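The primary structure of each chain is shown beneath.
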Amino acid sequence: MTFRKSTILCCILICVLCTLSLYGSADSGRANWELLKKWSPGKVFKKISSSLINPRWIDNSSLFWYIHSSPEQHLYWLVNPEKKSRTELFDKKKLASKLSRMSGLPVDHLKLYFPNMGVSDGGNILTFDYRQYSYRYEIGRGHLTREPKGKNNPVSYLNLSPDRRFGIYQQGNNLYLSRMDRKKDVKPQSLADSALSMDGQLGYSWGTDGELINNACKKKKRIDGIWSPDSKKFAILRRDVRKLPDLWLINHLHKPNPVLKTYKTSYPGSRVSQWELWVFDIEKGQKWRVPVERWVDQTLEELFFRGQWWNDSSDSLYFIRRHRNYQQVDLCAFRLNSGKVRVMVEERMTGQVYVKPLVLLPKKMGLLWWSQQSGHGHFKLFDLNGRYVKSLTNGAYNSDRFVAYNATENTAFIVCNGKREGINPYYKMLYRVDLESGKLTCLTPENANHRIFLSPDKHYIVDNYSRPDMPAQTVLRDSSGKRLMELNRVDMSGFMKAGWRAPEVFTCKAADGITDMWGIMYKPFDFDPKRKYPVITRVYPGRQDEFIPWNFSPVSFDATLAQLGFIVLRFGNRGGCFERGVKY
């Protein structure tokens, strides 16, 4: 959901809150502001600990570290899955003492927080920013060094190639290349810049966000190009909005006076953005405009992900093009050697075609394309000539996300929902599928919504699972799903004693009398079953998702609103979530 949509939604909800709170519950005639104040998000957040463990893998191995935050302090843990051990990553008191001596300022070890810290050398070297300096700390030697923050960091507007030899950016309406210095142990610095284009103009820029920029503008801006694995080429979308109608907004925050800002936008029946796809070869100094044309007013842009991918050998670029009616989608491949485009998959539906990111399997094994042609979303295997081989998964459930491929076992890890009978069809679970036999094995069987992280070597799984009515737990598993150790468990006992209550998950039938609708019910913590309460239903009317919070959270806007004497319902609506299947 965009920031603009979120802001509008919050304004509407605030208006509803202010209006309804004048009346409160049906029986009492007054809102319970004291209960709301007691359980306001600001107060609750100060008393809770981390509910999600986000592992940071070290040196592309199974070794990882993570931060666990509590009201008292931030703990840094180092986990060795092979040894099933967990130890503190470093001595916080010792590091705080060194930071204090070096900076000349007091440092509280309980407040040390480095969310973007880098860890390498098997957990022995830390790199982090603190105040105005960047630090490097060798734990074994206890050696701490520093330099001014950002001294050797590449500038933020550069989109760097994988080997970090090149960077691209936008200035005005044109595209520029920076060649980077790669001295040993020094982060890349720009040596020289050169223009890759000179034809950019207002509304026909080499940026894709549609913002109108004057060519005289000197501000350098990051551009969303896609580098090839060999770092010699990149692909970029170019958007033409010159024939679109204008939209005007007033920036009231501009100093010293408000200013008028002009955008380009589409209206029903008007022109839409025209898209081009270009490939630049840095080594050869060449560029190609990819022949993408098929439909009038087609789009090359996807809402939730970039719709272009390079193959491993960097000689083919795959891309998605979509008809304006959203009912026709092509997956295409542009071969650089021939300069021709080949249609790999044609996806056609009577309703909107939904797609997922393309998966290119290694060693030219083929590609996995997500499709709802069977009525549910599943991954289909095609060879590199676009010939259908087989469906990787089948059945009345949704294969939601491809996680990784294990070449050693010829298996894939995928996330599915709706596979197990009797369990909320929105709950995501991790499965392993054998590409030869098609056998599907559930690796995270608990009745909950699972958020998983797979180690780079594909041997271990960090599994965060919870439900709206069940506090979060985090466990470490091996690749077979076996639980090795518990990493975290949210304790709500103190909150329960103080009067906190979990929301309730419920089901009901849709208007067709057949389809199960799933939702969450929030009640006042002082709920009295003998009383009547007004009901507020909150739904997201879009088609992409229903935005129901299926993970555990001790606080939410809905729970806060309920404390004023309402029953608040969050539930899906038919047509609202394509992951429930085409008929839904």
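Scroll up to find the structure.
Fair warning: this is a prediction, and the values are worked out from it, not measured in the lab.

About the cut-offs
- Throughout, a residue's number is its position along its own chain's written sequence, starting from 1.
- pLDDT decides what is reported in this predicted model: residues at 70 or higher carry local features, side-chain atom pairs at 80 or more are listed and counted, and totals for whole chains, interfaces and linings draw on all residues regardless.
- In computing side-chain properties, one takes all heavy atoms of the structure into account and sets aside hydrogens as well as water.
- Working definition: helices are DSSP H or I runs of at least four residues, strands are E runs of at least two. Numbering for both runs from the N terminus.
- For a compact globule the rule gives 2.2 Å times the number of residues to the power 0.38, and the radius of gyration it is set against comes from C-alpha atoms.
- Burial status follows relative accessibility: with a 1.4 Å probe on protein chains alone, a residue under 20% of its type maximum counts as buried, one over 50% as exposed, and anything between as partly exposed.
- Contacts: residue pairs with any heavy atoms within 4.5 Å of one another.
- In these tables, accessible area is a Shrake-Rupley quantity obtained with a 1.4 Å probe, and a residue counts as shielded only by the protein chains included in the view.
- Asp and Glu are treated as the negative residues and Lys and Arg as the positive ones, with His and the ends of the chain left uncounted.
- Charge coordinates come from a single atom per side chain, which is NZ of Lys, CZ of Arg, CG of Asp or CD of Glu.
- Only rings of Phe, Tyr and Trp enter the pairing, Trp through its six-membered ring, and a pair is recorded when the two centres are within 6.5 Å. The plane angle decides the type: under 30 degrees is stacked, over 60 is edge-to-face, the rest tilted.
- DSSP-based pairing: two strands are paired if at least 2 bridges between them are found.
- To get an axis, a line is fitted to the C-alpha atoms, and for a helix only the part in contact is used. The angle between two axes follows their N-to-C directions and goes from 0 to 180 degrees.

**Student:** Just to check I follow, could you spell out the overall build of the protein for this structure?
**Tutor:** If you tally the helices and strands in the protein, you get six helices and 40 strands. Here the protein has a C-alpha radius of gyration of 27 Å; the compact-globule value for 584 residues is 25 Å, and the two agree. Each of the three principal axes of the protein carries a C-alpha extent, and together these read 75 × 70 × 65 Å. When burial is assessed residue by residue, the protein has 48% of its 584 residues classed as buried. At a minimum sequence separation of 6, the contacts of the protein that also span at least 24 residues come to 49%. Surface summary for the protein: the accessible area is close to 30000 Å², and the carbon and sulfur share equals 52%. For the protein, the distance from the average position of its 90 positive side-chain charges to the average position of its 57 negative side-chain charges is 3 Å.

**Student:** Can you walk me through the packing of aromatic side chains in this structure?
**Tutor:** Each aromatic ring pair is characterised by the separation of its centres together with the angle its planes make. One pass over the full model with this rule turns up 30 aromatic pairs. A centroid spacing of 6.4 Å and a plane angle of 70° characterise the contact between F379 and F402, whose relative ring orientation is edge-to-face. Of this pair, F379 sits in strand 27 (residues 378-382) while F402 sits in strand 29 (residues 398-406), placing them 23 residues apart in sequence. The pair F379 / F402 is uniform in exposure class, with both members buried. Residues F506 and F571 carry aromatic rings whose centres are separated by 6.4 Å and whose planes lie at 70° to one another, so their mutual orientation is edge-to-face. Linking F506 in strand 37 (residues 504-509) with F571 in strand 40 (residues 567-571), this pair joins segments that are 65 residues apart in sequence. Clustering of aromatic rings is evident, with ring pairs tying together W65, Y76, F90, F114, F128, Y130, Y133 and Y135.

**Student:** Even after reading the chapter, I still don't get the sheet that holds strand 31 (residues 428-434), so can you show me in this structure?
**Tutor:** One open sheet accounts for four strands, arranged 29-30-31-32; its pairing is antiparallel. What marks the edges here is a single partner per strand, and that holds for strand 29 and strand 32 (440-442). Sheet twist, expressed as the mean angle between neighbouring strand axes with direction ignored, is 30°. Of the pairings in the sheet, the one linking strand 29 to strand 30 (residues 411-417) comprises seven bridges and is antiparallel in character. Bridging across to strand 30, N406 finds its partner in T411.

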